[in-house]
Each structure stands twice: as structure tokens, then as C-alpha cells.
Amino acid sequence: MDKVIEEFESLTRDPERVQRETLKRILEDNASAEYLQNLGLNGRTDPESFKACVPLVTHKELELFIYRIIDGDASPILTGKPITTMSLSSGTTQGKPKYVPWNDELFETTMQIYQTSFAFRNRTFELVWEELCSDIREGVLTSRVTVPSIRMAMSKLLKPNPELANLIHKKCMGLSNWYGLIPELFPNAKYIYGIMTGSMEPYLKKLRHYAGELPLLTADYGSSEGWIAANVNPKLPPESATYTVLPHIGYFEFIPLTQLENAKGDHTFLCIDPQPVGLTQVKVGEEYEIVMTNPAGLYRYRLGDVVKVMGFHNSTPQLKFVRRSSLLLNINIDKNTEKDLQLAVEAASKLLAEEKLEVVDFTSHVDLSKEPGHYVIFWEISGEASEEVLGECCNCLDKSFIDAGYTSSRKVNCIGALELRVVRRGTFQKILDHYLGLGTAVSQYKTPRCVGTINSKVLQILSENVVKSYLSTAFN
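Residues numbered from 1 in each chain as written. Predicted model: local features only at pLDDT ≥ 70, side-chain atom pairs only at ≥ 80, totals over all residues. Heavy atoms only, no water.

Engineer: Mind showing me how you'd approach unusual backbone geometry here?
Structural biologist: Most peptide bonds take the trans form, and the phi angle of most residues other than glycine is negative. With an omega of -15°, the peptide bond between Glu-371 and Pro-372 qualifies as cis. Within the secondary structure, Pro-372 sits in the loop between strand S15 (359-367) and strand S16 (374-381). The phi angle at Arg-300 is positive, at roughly 50°, despite the residue not being glycine. Tracing the chain through its elements places Arg-300 in the loop between strand S10 (287-293) and strand S11 (301-313). Here the phi dihedral of Asn-314 falls at roughly 55°; this positive angle occurs in a residue that is not glycine. When you line up the elements, Asn-314 lands in the loop between S11 and strand S12 (316-324). (Helix = DSSP H or I, 4+ residues; strand = E, 2+ residues; numbered from the N terminus.)

Pasting the structure below:
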């Protein structure tokens, strides 16, 4: 462990040198790649030539190359060595998963991230726990699980165990409102490790309830395209977590968010010509969109993640994830982010808490089907709330979006009254099942917080399961 930490400290003291060496290594290893040769680098590996020759891109610009690889073209297209593996993104942002090149070098960076962070370092159970006890007692999986491969795998593992079933049943019955469920069932657990920031932050309250006194450790910062930074301050609560960039696992650039402020709508921001800054040129307190160059054939690739620089570890920036750059509620001059939505839901859900109820999950949609357009918030809640309380929740949601563009537009009716739509229990499980059917891994799934028209199937699932609808009167 000491050796890993010592190496980390050395790398973060001179990240500019490490970044130049990392870029040089990536470009030398992939000099024969068709993509780079067509851009005229001619063997140059310095950052200046790289930025002058290689354009900023998104996944859309690389799809043609990626599908050639998927179709079996073994020539050096994006990398010098053949790509043998494709990673699949969650697909919750754009409505369908993306294929992302993956190779041995990225696997090595995964191990480096894990080693570094280790050196420093849902409600479904409540509904089915008795059925689980029965399965363990009888040694037979419930008939509700119908996937043949799962049933076959479990038949090899599951044997009748009445003693264990009775123990679990007794422990669950002894809990007060499920507080401390995890240490009760897993007494040897020392901490809980997982993704707890970004779109996962709304679940922290429930996770803390289940965790009892166990500490929560938020995972490292990465994406389907590769790893970026490690959590080297694991004792910080997830809400305060920062991630220190590892300068040797990729070449990183940062687009100042101020360059994107004039962007309108969800995708226009990709059309401008931003000027990224280097890893050591970022400023504390400023927000940036990350641009990545990795060993698996992604060069100057816009991740679409917005981060805030919270400080420096030695000379390497420490980042806090803010949001996805494309997740923006926007109709007129308003700009509300995923974080703004989360804060509005948290404020309104306090009214539900007074009724001993909670928001199980939520998402949003911009409805432009009639003038003026308006925000739609979908809620799945834990029980039956009164009409009065839900009406108050709707008004609270509307008033909690404090963006000046939104409030001024609401006052003059350029944006219509916010609509709260309550959906049936299990609706968000249906959305999860939809993405799993597309090939999304459970470990990658994130509830889409802003459902656009491109996500027509998810909109259909939500619309078909609406049981109540309320319009805000907050600005009447």
C-alpha cells in the first residue's frame, strides 16, 4: 500500500510532465491507426501538434469507425492493435446504449484506479424479503423469476436451508423501520462502497438508513469510456467527495463552462468551437466539461460530464461531478440542470415526509406539445398521498426552480404551469427492465433524470402508468 501511495504522490507533483509523457505514449502506440494518419500528425506526439491536428469529437463522429470494428474489420482503425472488446454504456442519457472501444490498456488503468483508492480507503428488499426467506427455506426459486438462465444458475446454488431462512426472518422482524438492515444481515461488513454522487445522490438518505452506523464510501470517478480520477479522501461523506485526476491514465483537457453559456437546448452546445485548457491550467471554483484521450482509440473525446474544480492534491486538480452537460431543462431562457431538479424534488418531498411517505424515484420531461411549453415531473411514491398534499408538492416543485430565466418566464407565462404526474408503483422498475433488455448492465444503470423525445419508449412507459396529475398554481 505504501508503494502505491508513494507513486501516486510522485505522479501528482508534476502532472504536466506526466500528461505530456502519457500523450506521447498513446500516440506512439497508435501511430499506425487510420484515424490518426488521416489527420496528418505524421508521428508528432507533442500536445501542441495534437491539438492543432485532432478535432474535438463526440461519439457520433466516431460511430462509423466503431461499427467497422464491430463488423470484424481487423485493420488498425482507431488503435494500432486490434480492439477485441466493446464496452456498452448505460444508454440512459440518449435513449440507447453506445458501443465504446475497450482494450488491455484500459483494463490496466482500471486496476490502477482501484489500487489507488483502496490504498487510501433499494427498497425492493422491503417488498420481497418474506418471499426470499421462503426461497431459502424451500431451496426453490420463486416462480416470479422466469428467465431460464437465472433459474438454472440458481438451481445449482440454492439448497433448502430452514435455519438460515428463520435467522433472516427473525432479524428482519426485529428491525425498526428497516434501520441498520445491512449490518444486521452482514455483521462482518466494514463499510459500504458504491457510486453515490451525480444521479445516484438522491438515494443517499435511504442508503444511510439501511447502513445504520456503517460508513459510506463513494466509488472512483469514471465512465464507459474509461477512468478519470480516484477518491483518495474516503472518510469524506459522499456529498463532499472529490476525485483526484490520475495524470498517467489518459490525456485530459477541460472546456471552461463559460464558453458554453450561450448554448441553447440539449445539443447545441456541441456545435460551437470551444478552446479547452490543460490539466494544470484549470482554476479552483470553475466548472468545465471534460475532454479525454485514452489508449483505446478515443482522441479529444467530449465526455459530456461537467465537473467543478474543488482544489488541488499537490499540483493535480481535485474534481467534483456536477452533472451531464446535455441534461438540461430548457424551454425559453431558462436553464435548469439535473442538480436543480434534484434540489426541487428534495424540497417538495419534505411535504410527503410529513405524511410518512417518500419519493421512490423521479424523472422529468419538457412538454412542448402545446404553447407555452412546460416542465413535467414524474414521481413514484411509496403510498397514497392526499390530493391536497400532492397539490402542495406540485406548487413547491414549481417554486423551487430558482433559475432567474425560469421564474421570469413563468411570471409572464412564456413557460406554462409545472405539471406533477404520479405514476404507479413499479413504473421505474419497468424502465430499468427496458434498459436491461437493450443490453445495459445493472451495475451501469442510472435512472434518466430528463427524458427527451428521443427516449420515446421511456416516455411511453411513464405516460401509460400515470395515475394522478396536478398543475401548479404557484405563479397564478
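Now that the structure is up, let's keep going.
Engineer: I keep staring at the environment of Phe-321 and nothing clicks. Help me out?
Structural biologist: Topologically, Phe-321 is positioned in strand S12. For Phe-321 and Ser-149, which are 172 residues apart along the polypeptide, the C-alpha to C-alpha distance reads 37 Å.

Engineer: How do you make sense of the side chain of Asn-103 when you look at a structure like this?
Structural biologist: Inspection of the secondary structure puts Asn-103 in the loop between strand S2 (99-102) and helix H6 (104-120). According to the relative accessible area criterion, Asn-103 is buried, its value standing at 11%. A polar atom in the side chain of Asn-103 sits 3.2 Å from the side chain of Glu-105. Once you skip the residues sitting within four places of it in the chain, Asn-103 turns out to touch Ile-83, Pro-295 and Ala-296. (Buried < 20%, exposed > 50% of the residue type's maximum accessible area, 1.4 Å probe, protein only. Polar contact = N/O pair within 3.5 Å; in protein donor to acceptor, adjacent residues only side chain to side chain. Contact = heavy atoms within 4.5 Å.)

Engineer: How do you make sense of the nonpolar core when you look at a structure like this?
Structural biologist: The nonpolar side chains of a soluble globular protein tend to be buried, and buried together. In this structure, Tyr-221, Phe-254 and Ile-290 are the most contacted members of the largest nonpolar core, which totals 49 residues. Those residues in contact with Ile-290 that sit more than four places away from it in its chain are Tyr-221, Ile-228, Phe-252, Glu-253, Phe-254, Tyr-301, Arg-302, Leu-303, Gly-304, Asp-305, Val-307 and Leu-319. With 29 residues, the next largest nonpolar core counts Leu-352, Cys-396, Leu-418 and Leu-420 among its residues. (Core = buried A, V, L, I, M, F, W, Y, C linked by side-chain atoms within 4.5 Å.)

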